[in-house]
Amino acid sequence: MNSKISGLGHALPARIVENRELEDVVETSDQWIRERTGIERRHLSTGETTTDLAAQAGRMALADAGILPEQLDLIVVATMTPDSFMPATACLVQKELGADRAACFDLSAACSGFVYGLSVADSMIRAGTVRRALVIGAETLSRMIDWTDRTTCVIFADGAGAAVLEATEEEGIVRCTLGASGDDENILTTRALPLRNYLIPEGAGREMPGNGYMVMDGQTVFRFSTRVVGDSIRQTLEDTPYGTGDLDWVVPHQANTRIIDYAASRLKMDREKFFVNLKNRGNTSAASIPIALSEMRQEGLLRPGQLVMLTGFGGGLTWGSALVRF
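Quick caveat, the model's predicted, so the values are computed rather than measured.

### Considerations on the layout of surface pockets
No. 1: In this model, the largest pocket occupies a volume close to 770 Å³.
No. 2: As for the largest pocket, its lining consists of 28 residues, of which M80, M144, T190, R191 and A192 are closest to the centre.
No. 3: Taken together, the residues of the lining of the largest pocket break down into 14 nonpolar, 9 polar and 5 charged.
No. 4: A volume near 500 Å³ is recorded for the second largest pocket.
No. 5: Residue lining of the second largest pocket: 24 residues in total, with T151, I155, M216, G218 and N256 positioned closest to the centre.
No. 6: For the lining of the second largest pocket, the leading source of residues is helix α7 (residues 218–237), giving 5 residues.
No. 7: Broken down by class, the residue content of the lining of the second largest pocket amounts to 12 nonpolar, 9 polar and 3 charged.

### A few points about the nonpolar core
Soluble globular proteins tend to pack their nonpolar side chains together in the buried interior.
No. 1: Ranked by size, the top nonpolar core spans 42 residues in total, and within it L247, F274 and F313 carry the most contacts.
No. 2: Mapped by element, the contributors of at least two residues to this core are β10 (214–216), α7, α8 (257–266), β12 (307–314) and β13 (318–325).
No. 3: In terms of residue count, the dominant contributor to this core is α7 (6 residues).
No. 4: If we ignore the near neighbours within four places in the chain, the residues touching F313 are C111, S112, F224, S225, V228, V229, H253, A255, I259, T318 and W319.
No. 5: The next biggest cluster of nonpolar side chains, apart from the first, holds 32 residues, and it includes I125, V135, W249 and L293.

### Some details on helix α5 (residues 113–126)
No. 1: For α5, built from 14 residues, the straight-helix expectation of 20 Å at 1.5 Å per residue is met to within 8% by its first-to-last C-alpha distance of 20 Å.
No. 2: Of all 14 residues in α5, 10 are buried; the element is thus mostly enclosed.
No. 3: When we look at burial in α5, the residues that qualify are G113, F114, V115, Y116, G117, L118, S119, A121, D122 and I125.
No. 4: Taken from the residues just after α5, G128 is the one with a positive phi, measuring 85 degrees.

### With respect to the pattern of salt bridges
Pairs may arise between side chains of opposite charge once their charged atoms sit close together.
No. 1: Evaluation of the coordinates by the stated rule reveals 19 salt bridges.
No. 2: R325 serves as the salt-bridge partner of E171, at 3.0 Å between the closest nitrogen and oxygen. You can see E171 sitting in the loop between β7 (158–168) and β8 (173–180) and its partner R325 sitting in strand β13, a full 154 residues away along the chain.
No. 3: Across the salt bridge formed by R227 and D231, the nearest N and O atoms sit 3.9 Å from each other.

Definitions and cut-offs
Residues numbered from 1 in each chain as written. Predicted model: local features only at pLDDT ≥ 70, side-chain atom pairs only at ≥ 80, totals over all residues. Heavy atoms only, no water. 1 Å grid on protein atoms, 1.4 Å probe; cavity = no way out; pocket = protein on both sides within 12 Å on 5 of 7 lines; lining within 4 Å. Points joined across faces, edges and corners; volume = space filled by probe spheres on them. Nonpolar A, V, L, I, M, F, W, Y, C, P; charged D, E, K, R; others polar. Helix = DSSP H or I, 4+ residues; strand = E, 2+ residues; numbered from the N terminus. Core = buried A, V, L, I, M, F, W, Y, C linked by side-chain atoms within 4.5 Å. Buried < 20%, exposed > 50% of the residue type's maximum accessible area, 1.4 Å probe, protein only. Contact = heavy atoms within 4.5 Å. Expected span 1.5 Å × (residues − 1). Salt bridge = Lys/Arg side-chain N within 4 Å of Asp/Glu carboxyl O.

Here it is, written out as structure tokens:
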């Protein structure tokens, strides 16, 4: 038994923020942002929650697949910006959709989260545990951004994307590979709650630098990303009958246009095969790949039979790729 992606959807906050608006928020400029990231505008929440965006994207994906919510066996939400530590965002999405039969859990793998979620759902379908799954990447990253830090605040954005997976005898998700390096935890990080209990004197708890804001060593992340994208794609193609020349599209995590340009060059691939919507969406972490796929479907770029490589990389450090036949 294999699994295939049968439906796609996405959701974005209504508010669009152009680069020039950020010139009034932090020391930056439209030109500086464009040259270093490729971003021109992004969507930021003015009240939409991670659950709101995830549920909206999920509804669109279900409609695209022709699947009713009550037919779902599993909901996985990849996010690092949940609305609560518990219940899981996936449980809240289940409620919003009315998917009463679905098992639910969240998954945290930063910008690689959607590929990780896809791999988990694919494995469960192959094992016969479930037949239909909804995998969502959803983020409201603006809640963890320090708006005085131009290394992060000009890059990250909010949104959600979703995919329906169904059991099939046909070729669908061909292969997934995942990786991580916990030794590099401080390169890209957002600390959680400090340790506070009655055994610890006031002020003596374990310090959590960053005050809940995202902290990034941009140059190190760039070096990591430019290396790992090519390596991950090559690893995923190993032990398959396919090579880079067989790929119709590469859909990378939308982090930085320079990273994508470098990956295409290193793989000796046509840059036009790399789908990029970063200019209008910014970096939406776990949501970036499914948003891109959904927009490709809407634009008529994603057609049945095409072979597509999805590749993600981010905090953890984590990375992963999925080879998918549509």
